[in-house]
Each structure stands twice: as structure tokens, then as C-alpha cells.
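Residue-level listing of the chains:
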Amino acid sequence: MSVFFSPEFTMLSSVLENSIQQLLDSQMSDGSWKDCFDTGCMPDAQTAISLYLLDWKDWQWIEVLLTRCFSNTLLLI
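Residues numbered from 1 in each chain as written. Predicted model: local features only at pLDDT ≥ 70, side-chain atom pairs only at ≥ 80, totals over all residues. Heavy atoms only, no water.

Brief notes about the pattern of salt bridges
Item 1. A complete count under the given rule lists 2 salt bridges for this structure.
Item 2. Close ionic contact of K57 with D55 constitutes a salt bridge, the shortest N to O distance being 2.2 Å.
Item 3. On the accessibility criterion, K57 (53% relative accessible area) is exposed.
Item 4. Note on D55: relative accessible area 47%, which makes it partly exposed. (Salt bridge = Lys/Arg side-chain N within 4 Å of Asp/Glu carboxyl O. Buried < 20%, exposed > 50% of the residue type's maximum accessible area, 1.4 Å probe, protein only.)

Re unusual backbone geometry
Item 1. In this model, D55 sits at a positive phi of 60°, which is unusual for a non-glycine residue.
Item 2. Examined against the element boundaries, D55 turns out to sit in the loop between α2 (41–53) and α3 (59–76). (Helix = DSSP H or I, 4+ residues; strand = E, 2+ residues; numbered from the N terminus.)

Set out below in C-alpha cells:
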């Protein structure tokens, strides 16, 4: 039995695999990273934008990301 993956899934898998490899490649020998990790609104916004650009229509996921992002942003006003 063969399994068929949609082109979107294949593209997203490739992007994720490349990102994971880049992250692992940038890890220092002591386990730390030279890159900083943003835990604010930007990763949520970037993920929502990426999903939109990939035409990934998982509205439940996107709604959670945007709601969290807008909630955090409104706290700053």
C-alpha cells in the first residue's frame, strides 16, 4: 500500500526539514545557539504569514496564532 502526500504537505515537510537542519547546524558544541529565539508576537505572526503564503488553510491554527499575537500586542498599548 503506497501513501500519497499532497504537494502542499511535501513542500511544508521540506521546509521544516531544512529549518531543523539549519537549527542543528547552528548549535554550538556546548548545546547553546548563536541565534536568539523570539518568544513574543513575531514568531506567531511569521508562522501565520508563512501558512498563508503556503496556502495552508488550517484556520484553527492560524486563529490561535493571531489571537495570541493580538492579545500580546494589545497589552502593550
